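# Geometric and topological summary
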Amino acid sequence: MKFLSNKIFVTYMVTLSTGFLVCLALLLTIALPITSGKITDLNDIWLLASVSFATFLLGFFISFLVLKRALQKFSANQISEEEMFRLAVEGTKDGIIDWDIKSGEVFFSDQFMEMLGYGSEGFKGTIGDFSDKLDPDDRKTVWNHISLYISSKLSEYSTTFRMCHKSGRLVWVKAQGILIRNHKLQPLRFVSALTDVSATKEYEMTLQDAILRAEEANEAKSEFLAHMSHEIRTPLTAITGAAGILNEHAHELDDKKQKLAKVLNFSSISLKDIISDILDFSKIESGELELEELMFNLQEVFEHITSVMSVRMKEKNLDFVFSYKGLDGQQFYGDPVRLRQILINLIGNAVKFTENGHVHVKAAKEDFGDISVLRIDIEDTGVGIEESQIDLIFERFKQADSGISRKFGGTGLGLPISKKLAGLMGGSIEVKSVTGKGSVFSLIVPFVAPKDELSRDEAQNEALRKKRIDELKAQIEGTPKALLVEDYEGNITVLGHILEDMDIKFDVARTGLEAVNQWKENHYGLILMDIQMPEMDGFSSTRLIRSIEEETDTSRTPIVGMTAHAMVGDKAKCLAAGMDTYLPKPIDEIELKATVVKYMSGNSFAEIRNPDL
C-alpha cells in the first residue's frame with residue numbers, strides 16, 4: 001500500500017510538471033515575436049496575451065484536476081489499509097491493548113471489549129479500565145509481571161491470568177506483549193495481544209482433576225491395603241505364633257498330633273507368605289520397599305531353600321538338584337531375605353508347573369572383565385510357556401492363560417514381585433521356554449564383593465547372638481515388669497507366652513487410654529505398644545506418656561511399637577510419636593526377645609546383634 005501511494009505522488013508530480021512546461025512553451029512562443037519587433041500592433045499583442053493567460057489558466061486547472069484525482073486515490077488507498085488492519089485484528093479474534101505510557105491513554109480493541117462482554121460504554125480509555133477488570137486474586141501478579149518486563153528484568157512478556165466478564169464469570173486470558181522505546185530507550189508504548197484460552201484452561205483443570213482423583217483413588221487403595229493388612233496380620237500373629245510354639249513342643253505330643261502341629265505350622269507360614277506377597281507388591285508399587293544391605297553366607301541361603309523345597313519335590317516325585325559349586329562358604333553383600341524370596345518364588349513356580357521330570361538349580365559366579373554377576377538358573381521339564389506369553393507372566397495378577405489359575409492356583413503376584421525385586425537389586429530375570437518341554441528362568445544380579453569389616457561368618461554370628469540373648473536374660477531378673485498393650489486376645493496369649501518363657505512379669509492393657517493410666521500407677525521397664533486400638537491409638541498414648549514424662553521430669557520408659565501395617569513409613573511414624581523402635585506383625589519370636597533383652601537389660605542392640613567373638 002505504501003508503494004501504491006508513492007506511485008500516485010510521482011504520477012501527480014510528472015503531470016503537473018508537464019502542464020507547467022506546456023504553459024511555459026506557449027508563453028515563450030508569444031513573447032519572442034513581441035520582443036523581436038515582429039508584432040507591433042497592440043490588438044495582436046492583446047490577443048496573444050489573452051491566449052497566453054487562458055493557456056496558463058487551462059494548465060493550472062488541468063494540474064488541479066490531476067492533484068485532486070491523486071488525492072482521492074491516495075485517500076481511498078488509506079481507507080483500504082485501515083480496513084485491512086481491522087480485518088486482520090478481527091480474524092485473529094485477539095483483543096488488542098495499546099497503552100501510551102506517558103499520557104496514560106489506552107486503546108482497547110472491540111474484540112477485547114467483546115471478550116469481556118462489554119461495549120465501548122464499559123471503557124474510559126485509561127489503564128484503570130484494564131486493572132479493574134483483572135481478577136482480584138491475579139491483579140498483583142499481573143502488574144508485577146508487567147513492571148518487571150518494562151524495567152527490562154524480563155526478556156519477553158508472556159503470561160496467563162484471569163479477567164472478570166461482565167456476567168460475573170472468569171475469563172482465562174493469555175497475554176503477549178511488546179514494549180516500544182524511544183532513542184533514549186525510554187518506554188513509550190506497551191502493546192499487548194490477549195487471547196481467550198478459557199476452553200484450554202478448562203480442559204487442563206479437568207485433566208488435573210482427573211489426575212487428582214486417580215491419585216486419591218490410589219491413596220485410598222493403599223490405605224485399604226494397609227487396613228486389610230492390619231486386620232489380617234493381627235490375628236496372623238496369633239496363628240503363626242501359636243503354631244510355632246506348638247511345633248517347638250511337638251516332641252511332647254503323640255505322632256498324630258505332631259503331624260497336625262507340623263501341618264498347622266507349615267500352613268500358617270504359607271498364609272503369612274501370601275499376605276507378605278500382597279504387602280510387598282503394595283510397597284513396591286508405592287516405592288516404599290527398601291532393601292537391606294548386609295553380609296551373609298550364600299551357602300546358608302541355598303541350603304535353607306533346598307531344605308524347604310525338597311519336601312515339595314518329594315510330594316511330586318521330582319528330581320531336585322541344587323548345584324552351587326565354587327560358592328561354598330561364599331560371602332555375599334546384599335539382602336538375603338529378598339534373594340531367598342525370589343528363588344523360592346522361581347523354584348516354587350517350577351515345581352507347580354512340572355508334573356514329571358526334574359527341577360535343577362545351578363548357581364555360579366560369572367566374570368565379565370571388571371564386572372561379576374551371580375547367575376542362578378532354574379530349569380524344569382514342565383508345561384513350558386508360549387513365546388507370546390512370556391511378557392504376560394510378569395504382569396500383576398496375570399498368568400499365561402486363564403486356565404492356569406484354575407488348574408494350578410496362585411495369585412499371579414510371585415513373578416511380578418520377583419522381577420521388581422531383581423530390578424531393585426540392579427539385576428534382571430531372563431526366561432527361555434519351549435511349550436511342552438519346559439523352561440529356564442535365570443536370575444542375574446551384580447556380585448558385590450564382601451567388605452572387610454563385615455566378613456564374619458554369619459552362621460557363627462547368629463549362634464553367638466542367640467547365646468548372648470540367653471546370657472542377658474539372666475540379667476533381666478529383678479528388673480521392673482513390662483506392660484503389654486494389645487487389644488487382640490490371640491496376640492495377648494502368644495506374646496504373653498513368649499514373655500513368660502523369658503521369665504518376665506507383665507501387665508496387660510487393652511486400649512491406649514488404659515495403658516496411660518496403668519503407666520501412671522506403675523514403673524515399667526518396657527512397654528510393648530500396639531498401634532491400632534479403641535479409645536486411643538498407640539501413637540496418641542505414646543505422645544501423651546512422653547509429654548507427662550517431660551512435664552514431671554520422669555525418666556524415659558522404653559516403648560516398642562507393634563504394627564500390622566508394616567509399611568516403610570510406619571517406622572518413621574512410630575519414632576516421630578516418641579517410640580524407641582517398632583516391630584512389624586506377625587511378630588518374630590527371636591526379634592521380640594532380642595528387643596526385650598535390649599531395653600530391659602540396658603544392653604545396646606548392637607551388642608545383641610553383633611556379640612563379640
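Our structure's up above, just so we're on the same page.
Notes on the structure follow. (Residues numbered from 1 in each chain as written. Predicted model: local features only at pLDDT ≥ 70, side-chain atom pairs only at ≥ 80, totals over all residues. Heavy atoms only, no water.)

### Focus: helix α14 (residues 512–521)
What sets the pattern is the α-helix's 3.6 residues per turn: residues three or four places apart point alike. This is how the line gets drawn: Here's how the labels work: a residue is buried when its accessible area is under 20% of the maximum for its type, exposed when over 50%, partly exposed in between, all with a 1.4 Å probe on protein chains only. Strands are runs of DSSP state E lasting at least 2 residues, helices are runs of H or I lasting at least 4, and numbering of each runs from the N terminus. Contacts are residue-level and defined by heavy atoms, with any inter-residue pair within 4.5 Å sufficient.
Considered for burial, the residues of α14 that qualify are Gly512, Ala515, Val516, Gln518 and Trp519. In this fold, the buried residues of α14 make contact with β13 (482–485), β14 (506–509), β15 (526–530) and α15 (538–552).

### Concerning the nonpolar core
Selection rule: In these notes, a set of buried Ala, Val, Leu, Ile, Met, Phe, Trp, Tyr and Cys residues joined through side-chain atoms within 4.5 Å is what counts as a nonpolar core.
Grouped together as the largest cluster of nonpolar side chains are 45 residues, with contacts concentrated most on Ile347 and Leu443. Per element, the largest residue contribution to this core is seven residues, and it comes from helix α9 (residues 336–352).

### So, the pairing of strand β11 (residues 428–434)
Rule in force here: Strands qualify as paired when DSSP identifies two bridges or more between them.
Sheet topology note: the β11/strand β12 (residues 438–446) ladder contains seven bridges and is antiparallel. Residue pairing in the sheet places Glu430 in a bridge with Ser442 of β12. The loop that links β11 with its antiparallel partner β12 comprises three residues; one of these, Gly436, has a positive phi angle of about 85 degrees.

### Here we look at the sheet that holds strand β5 (residues 187–196)
For the record, the criterion: Lines fitted to the C-alpha atoms define the axes, with helices restricted to the stretch that makes contact. Angles between their N-to-C directions range from 0 to 180 degrees.
Strand order in the open sheet made by the five strands is β2-β1-β5-β4-β3, with antiparallel pairing throughout. The open sheet is flanked by β2 (106–108) and β3 (157–164), the only strands paired with a single partner. Strand-to-strand, the axes of this sheet are offset by a mean angle of 25 degrees, without reference to chain direction. For strand β4 (residues 170–181) and β5, the ladder comprises nine bridges, and the chain directions are antiparallel. When the bridges of β5 are listed, Lys174 appears paired with Thr195.

### Some points on the pattern of salt bridges
What counts is decided by this rule: Within this document, salt bridges are pairs made up of a side-chain nitrogen of Lys or Arg and a carboxyl oxygen of Asp or Glu, the two lying within 4 Å of each other.
This model, assessed by the stated rule, comprises 17 salt bridges. Here Arg375 ties to Asp377 by a salt bridge, and the two come within 3.1 Å at their closest N and O atoms. Side by side, Arg375 and Asp377 carry an identical accessibility label, which is buried. Glu486 is the salt-bridge partner of Lys585, the closest N and O atoms lying 2.9 Å from each other. Placement of Lys585 in the loop between β17 (581–584) and α17 (589–601) and of Glu486 in the loop between β13 and α13 (489–501) is noted, with a sequence separation of 99 residues between them.

### Some remarks on the pairing of β12
The buried count for β12 comes to seven of nine residues, which makes it a mostly enclosed element. Judged from the eight bridges that link them, strand β10 (residues 371–380) and β12 form a sheet pairing that is antiparallel. Within β12, the residue paired with Ile376 across the bridge is Leu443.

### Here's the deal with the sheet that holds β17
Strand order in this open sheet of five strands is β14-β13-β15-β16-β17, and the pairing throughout is parallel. The open sheet terminates on both sides in strands that have one partner only, identified here as β14 and β17. For this sheet, the mean angle separating the axes of adjacent strands, direction not counted, is 20 degrees. Across the sheet, α13 lies against β13, β14, β15 and β16 (559–563), angled at about 165 degrees from β14, the strand it touches most. Contacting β13, β14 and β15, α14 runs over the sheet at an angle of about 145 degrees to β14.

### A short note on the packing of aromatic side chains
Counted only if it meets this: A pair of Phe, Tyr and Trp rings is counted when the ring centres sit within 6.5 Å of each other, with Trp represented by its six-membered ring. The angle between the planes then sorts it: under 30 degrees is stacked, over 60 is edge-to-face, the rest tilted.
As enumerated under the stated definition, the model contains 15 aromatic pairs in all. For the ring pair Phe302 and Tyr324, a centre distance of 5.3 Å and an interplane angle of 40 degrees mean the geometry is tilted. Taken together, the residues span a long stretch of sequence, with Phe302 in helix α8 (residues 298–315) and Tyr324 in the loop between β7 (319–323) and β8 (331–334) at a distance of 22 residues. Across the pair, exposure class does not vary: Phe302 and Tyr324 are buried alike.

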